[in-house]
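The primary structure of each chain is shown beneath.
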There are 4 protein chains.
Amino acid sequence: MTEELPINLYEYERLAKDLISQPEWDFVEGGATDEITINRTREAFDSIMLRPRMLVDVDRRDLTTTVLGEKIDFPVMLCPAGHHNRAHSEGEIATVRAANEMNVGMILSSGSSVVMEDVASASTRPIWFQQYFYRDQAMTELMAHRAEDSGYSALCVTLDSSVQSKRERNIRNNYPRLATPNYDGMGSEEDFSVRSSYSPSSDDAPDNVTGLVSPKVTWEEFDWLGSKTDLPLIAKGVMTAEDAKLAVDHGVKAIIVSNHGGRNLDSTFATIEVLPEVAEIVDGKAEIYLDGGIRRGADILKAIALGADAVLIGRPIFWGLAAGGTEGLKHLLGILRDEFDSTMGLCGKPDIKSIDRTVVGRKSPLLDLI
Amino acid sequence: MTEELPINLYEYERLAKDLISQPEWDFVEGGATDEITINRTREAFDSIMLRPRMLVDVDRRDLTTTVLGEKIDFPVMLCPAGHHNRAHSEGEIATVRAANEMNVGMILSSGSSVVMEDVASASTRPIWFQQYFYRDQAMTELMAHRAEDSGYSALCVTLDSSVQSKRERNIRNNYPRLATPNYDGMGSEEDFSVRSSYSPSSDDAPDNVTGLVSPKVTWEEFDWLGSKTDLPLIAKGVMTAEDAKLAVDHGVKAIIVSNHGGRNLDSTFATIEVLPEVAEIVDGKAEIYLDGGIRRGADILKAIALGADAVLIGRPIFWGLAAGGTEGLKHLLGILRDEFDSTMGLCGKPDIKSIDRTVVGRKSPLLDLI
Amino acid sequence: MTEELPINLYEYERLAKDLISQPEWDFVEGGATDEITINRTREAFDSIMLRPRMLVDVDRRDLTTTVLGEKIDFPVMLCPAGHHNRAHSEGEIATVRAANEMNVGMILSSGSSVVMEDVASASTRPIWFQQYFYRDQAMTELMAHRAEDSGYSALCVTLDSSVQSKRERNIRNNYPRLATPNYDGMGSEEDFSVRSSYSPSSDDAPDNVTGLVSPKVTWEEFDWLGSKTDLPLIAKGVMTAEDAKLAVDHGVKAIIVSNHGGRNLDSTFATIEVLPEVAEIVDGKAEIYLDGGIRRGADILKAIALGADAVLIGRPIFWGLAAGGTEGLKHLLGILRDEFDSTMGLCGKPDIKSIDRTVVGRKSPLLDLI
Amino acid sequence: MTEELPINLYEYERLAKDLISQPEWDFVEGGATDEITINRTREAFDSIMLRPRMLVDVDRRDLTTTVLGEKIDFPVMLCPAGHHNRAHSEGEIATVRAANEMNVGMILSSGSSVVMEDVASASTRPIWFQQYFYRDQAMTELMAHRAEDSGYSALCVTLDSSVQSKRERNIRNNYPRLATPNYDGMGSEEDFSVRSSYSPSSDDAPDNVTGLVSPKVTWEEFDWLGSKTDLPLIAKGVMTAEDAKLAVDHGVKAIIVSNHGGRNLDSTFATIEVLPEVAEIVDGKAEIYLDGGIRRGADILKAIALGADAVLIGRPIFWGLAAGGTEGLKHLLGILRDEFDSTMGLCGKPDIKSIDRTVVGRKSPLLDLI
């Protein structure tokens, strides 16, 4: 842990930039093509205003909530992101300890740098596993069974990565393929390669596994997977009401509204912008988590006000890990928690369920008036 | 007083920056987290356009008005802000003299650097006192009685500060706790301390008294306070129509629409943006004062057009004091008055009551047209 | 005339900046307080988009029009602006020659540097005279009679200058009072002085005559003036539909939609923004001229599309004069004419009357669609 | 071909800037007056957001489409732009080879640097020819017959260039008239000259032929031309629903929504903004191509979603040619194709006909909600 503790996530970001090598930094921070989505996803939060209420008893604020029945200390989870060893030598082991000790959720990426069974063993509380639908259906089932067998309590299927994206920073850096221990022995060398006119000499695969992921599957595959595992299924990457409805119709237990951190398809809306249409159509039939752009405790409150049950953070995981491994990530999570706590108090919201849409506004009240 | 007189409030701000130490300057100018609210509160005024009327007799412009029955020369009051000695050695004594001589309102902060009884003694015209609802109800009553006994003519209760905010400039500066003479002998050392993950070594309390303020009280406490004092009650920190209605229902005599200068909860709307919804629901049952972002005489007119009876200025108090104590603040107030006078004249508004909503516009008239 | 001819008005502006002394430049270019209106007035034009039509016969484009029955070669007039000798030693004599030779309209300011009778004598075509309603009603009548007697063919009364504005550049420059030959022998020294808290040592009077102008008069004075002169009356400074209606009701022949170039009241709408509401209520009962922000031929077309019969230019007069006196101003006017001609042709508009509202748009067509 | 291959069109632009002389660069990149339209045309794409769908079978993506019955590999065509020899010595011969080898459409400009018959001979697949309506009707017919005789399969008539525009970069550069071999022996020297107050010493004619183009013709001329040729007619330069309707009424086979790259009339809407109103009124009665601002594969998808059958690129032709002649342009086209392919896949769109309006959004979903 460094001497000077950052006091907010932006300071963590600046600190981490000096601690992570440039190609790795570009991989973590960068996104698809013009990074329009990255910027919009973040800035959308700052365009949402709060409407604080006064003289509400907020003496004992309860930040806890449950996600798929598991209690967490505040509504934050660590999103599935590959290769935490980019930021700290202990990789996901450092991460899971932080999640345990802060009592927040964690979804392990199938692209983790530590094999999934070892991360599960290191965890003292429920964590979840993320995977894809693979071209090889047996691989899909095998991953799910490994997750179930090693003790993960839910299965998150990422839907938005079945086609190669264009991450230009990685192309310029000729970013290499990293080891993906969860996939050892699976797929051929060719499966890990993608070629296009703009990346003649490198494969730019998210978590290096895009070549394995099937662009062919439909919601029937979702039903099939549900029949093969007892784990509750979570759909990650939903960005429309239409898909949210399909997800619910196909028995999903939770939906993650995510644009993959702006890393796959550029020029999508911010996730916070599409959250309300998802929340409206889901109408309580599944839990909803928001992924993308959370940097302040106030962002958490805004997401909950617009329909999220919890939020995910991605890039900040690497910032915290880089700054100090488990302790760095814990401190970063503590900042988010304390900011969220302060925001709840100042808004007159004593607990999660008291946070509703009346606490947020976006259009200037003057606009339709004068 | 310096040689070169500033000609507007922005020049005063620049001048004061050189006269006040950096940590104090950061305390005065800064706000919560990303200071989104500070910027929005100011810029919202510049987005409101004026619709001037011609050939109205504005030869003798009457800028006077009354606040809670007391006549002031123009609709400006000095908002309750702690520790005026940050800007001038005489502190609130210098301030009250300026308010007296310019015949504008003043609300003394309970966090004043001069004890409230001395400020009251120094005043030749009615001034008001600001306090909080404290964890210790006896303290609440005591403060109110001291205000009444020492001659304050109204009691302003700040509602928006019952939970610790996050002012990052102060955290970085390790800003110290200042003496708060009005609270001498009250509370324990611990009450003045707040700890969080992001301020491990300092307590960052607005006016250093947040620890004493109760986050538990509700509008019943407001009723109770009303029963303990003959002073008219003013509710400061209302930012929604909902709370404005509650305030009126609980007998408030005036409402201060305030976001605490962007110092407590970040990413609220600008106060001028929520003023109309407050004015509409209050509907004349209480007076309404607007706090936040007033830097030009035109801003005063805009606030009145949208429903305010008067406006408060905060940070400019420190600028005027730093530049020249009583004389500096008087000159600064004179600029605001003269700008307001000129704006009234150029808009064809001879007096306060002639300023109505037809004088302002925000949406471009072209927008719904072509 | 300089060697390198500017090719647009912005280049003229840059050129003139080097040719005019800084205090004079600030006087010409500057405006009231924060100059919000100056910027908005200009930028509003750039927010209006054109909808060009194809395969219209535009072989012979007719740019001519009439203003109060007088034919001009294209719909541009020189607005009343004081002291053209700031830019060229010949002052308004140089200006009137340019207006004559280019056959455009000109309104002489009562604050001209050349006495009104001499300018009238130098003109070979109809020009108009601008004046105020003065505190001394006899002065109002005298000016009107002098205009009539010396051959001016219309009388433009400026309505928006009866109260002192705050032009901070002039205050900082301690800008001096200039000679106003049309007022020689009128008023006292005191009438020319204005004092306020922000201009302790200078009088900052527009054209130095604000002290003479009456802030007391109402539309009855307008009727009275109409009874004292045979000249058609033009009301300059109308910025609302309400005042446009009053002007028409009181027999005005033309209305100039003007915010005085942002020099008097700051934070008004752009003139092009309020033009449509004026045009709608006037409904052909008077002519309408737009003043403010015209820098491109396309701006002229936009103004006509939104209801103007012609436009006025102000600051560009000084730019042209500074660059080359009569020849400079003629060349500048030629640029405007040629740009307007090209814009008409490219929009498929062969003459002035073919320019209607369907040629402009402001809201993105996508906005209500997706 | 340079060593380092650009990975997107913006990199191509930067590379080309160093390879093309400054006056030529200014000609290629620049536009009319303030270049408002150039910027808007580009930026409008970035304001349109995508709504990706998940779990759609996109394994085999079909990017092919037809334009006027001819199959192309992806919906891109090379727009008619004059003088490709500005960027590469082989001129349009290099271009047509790239179009052939990538199997995309090409419209040869009548202002080409290689005579039209030679380009046609060099082409192994159908290409189209662009011309104007000339002052000399015989010339119009002659050009059409030459196009037909030399094997062009469609005739594109540019409608938006019948009046001289104002391209200030060219005026400043005193940009010379270039040889126009297709016009050899046609017109007089005077026809190629245009004079105005702002271009005293140069003629600034788009493709140097504006002097030949008739500003007089109407839609009857369109009918007449149709009677003189068997080639299908394409109308280029439509920017309103009104003209789109007229074009359809007059038997056009395809409409090119184009603002001439912002080179003729400044301050038009972006082409992508007016595309929907054109598509709505055309209602399938003609094909629609969008010209202007395409820089990313995602832009192609957005245009198709809003009603285009294909898109045209203009300036990027020169970038590709400058970087490497035929190979450079082929590589650039490959980038566009691969980006479009990736965008289709990530949006869940397996083929062109699956791309409908539900995939795009512009207004933030939050705007009408909170």
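All values derive from a computational prediction rather than experimental measurement.

**Quick look at the packing of aromatic side chains**
Phase 1 of the analysis: Applying the stated rule across the entire model yields 28 aromatic pairs over all chains.
Phase 2 of the analysis: Relative to Y183 of chain D, the ring of Y134 of chain D has its centre 5.7 Å away and its plane inclined at 75°; by these criteria the two rings are edge-to-face. One end of the pair, Y134 of chain D, is in the loop between β6 (128-131) and α6 (137-150); the other, Y183 of chain D, is in the loop between α7 (168-173) and α8 (219-228), and 49 residues separate them in sequence. Across the pair, exposure class does not vary: Y134 of chain D and Y183 of chain D are buried alike.
Phase 3 of the analysis: Taken together, the aromatic side chains of Y132, Y134 and Y183 of chain A make up a single cluster linked through ring pairs.
Phase 4 of the analysis: Directly above the ring of F27 of chain C sits R263 of chain C, whose terminal nitrogen or CZ lies 4.8 Å from the centroid.

**Looking at the interface of chain D and chain A**
Phase 1 of the analysis: Listed per partner, the contact involves 40 residues of chain D and 48 residues of chain A.
Phase 2 of the analysis: Contact between chain D and chain A buries roughly 3900 Å² in total, counting both sides, with carbon and sulfur atoms accounting for 60%.
Phase 3 of the analysis: Its largest share of buried area at the contact with chain A, chain D owes to M54, L55 and I370 of chain D, together 20% of the area lost on that side.
Phase 4 of the analysis: The interface formed by chain D and chain A includes nine salt bridges.
Phase 5 of the analysis: Measuring nitrogen to oxygen at the nearest pair gives 2.9 Å for the salt bridge that ties E277 of chain A to R51 of chain D.
Phase 6 of the analysis: Applying the counting criterion to the chain D and chain A interface returns 19 residue pairs in polar contact (both at pLDDT 80 or more).
Phase 7 of the analysis: Secondary-structure elements contributing two or more residues to the side of chain D that touches chain A are α1 (9-19), β1 (49-50) and α12 (315-347) of chain D.
Phase 8 of the analysis: Among the elements that make up the side of chain D that touches chain A, the one with the highest residue count is α12 of chain D (10 residues).
Phase 9 of the analysis: Residue composition of the side of chain D that touches chain A, grouped by class: 18 nonpolar, eight polar and 14 charged.

**Examining the relation of the copies chain D and chain A**
Phase 1 of the analysis: Each copy of the sequence occupies a distinct position, and chain D is placed on chain A by a rotation of 90° and an axial shift of 0.0 Å, giving an RMSD of 0.0 Å. The transformation relating the two chain copies, once decomposed into turn and shift, fits a four-fold axis.

**Regarding the packing of helix α6 (residues 137-150) of chain B against helix α8 (residues 219-228) of chain B**
How two helices sit against one another is set out by the angle between their axes and by the gap between those axes.
Residue and element names in this part refer to chain B.
Phase 1 of the analysis: Between α6 and α8, the shortest axis-to-axis distance is 10 Å and the interhelical angle comes to 40°. Accordingly, the angle class assigned to the pair α6 and α8 is oblique. Regarding α6 and α8, the two cross each other, and that crossing is right-handed. The residues of α8 that touch α6, namely those facing Q137, T140, E141, A144, H145 and E148, are E221, W224, L225 and K228.
Phase 2 of the analysis: For the contact of α6 with α8, the per-class residue count stands at three nonpolar, three polar and four charged.

**Observations concerning the relation of the copies chain A and chain B**
Phase 1 of the analysis: With an RMSD of 0.0 Å, chain A superimposes on chain B once it is rotated by 90° and translated 0.0 Å along the axis.
Phase 2 of the analysis: The two copies present different faces, since only 10% of the interface residues in chain A are matched by interface residues at the equivalent positions in chain B.

**Examining the interface of chain A and chain B**
Note: interface size is frequently given as the accessible area lost on complex formation between the parts.
Phase 1 of the analysis: On the side of chain B, 48 residues touch chain A, which itself brings 41 residues to the contact.
Phase 2 of the analysis: For the pair chain A and chain B, the two sides together bury roughly 3900 Å², of which 60% comes from carbon and sulfur.
Phase 3 of the analysis: The largest share of the area that chain A buries against chain B comes from M54, L55 and I370 of chain A, three residues that together contribute 20% of it.
Phase 4 of the analysis: At the boundary of chain A with chain B, the tally comes to nine salt bridges.
Phase 5 of the analysis: Among the salt bridges present, the one from R296 of chain A reaches D34 of chain B, with a minimum N-O distance of 2.7 Å.
Phase 6 of the analysis: Connecting chain A to chain B are 19 residue pairs in polar contact (both at pLDDT 80 or more).
Phase 7 of the analysis: Looking at side-chain class alone, the side of chain A that touches chain B contains 18 nonpolar, eight polar and 15 charged residues.

What counts and how
- Residues numbered from 1 in each chain as written.
- Chains lettered and ligands numbered in written order.
- Predicted model: local features only at pLDDT ≥ 70, side-chain atom pairs only at ≥ 80, totals over all residues.
- Heavy atoms only, no water.
- Phe/Tyr/Trp six-rings, centres within 6.5 Å; stacked < 30°, edge-to-face > 60°.
- Helix = DSSP H or I, 4+ residues; strand = E, 2+ residues; numbered from the N terminus.
- Buried < 20%, exposed > 50% of the residue type's maximum accessible area, 1.4 Å probe, protein only.
- Lys NZ or Arg CZ within 6 Å of the ring centre and 35° of its normal.
- Contact = heavy atoms within 4.5 Å.
- Buried area = accessible area lost by both parts, 1.4 Å probe.
- Salt bridge = Lys/Arg side-chain N within 4 Å of Asp/Glu carboxyl O.
- Polar contact = N/O pair within 3.5 Å; in protein donor to acceptor, adjacent residues only side chain to side chain.
- Nonpolar A, V, L, I, M, F, W, Y, C, P; charged D, E, K, R; others polar.
- Least-squares fit on C-alpha atoms with pLDDT ≥ 70 in both.
- Axes fitted to C-alpha atoms, helices over the stretch in contact; angles between N-to-C directions.
- Parallel < 35°, antiparallel > 145°, perpendicular 65-115°, else oblique.
- Left-handed = near helix turned anticlockwise from the far one by under 90°.

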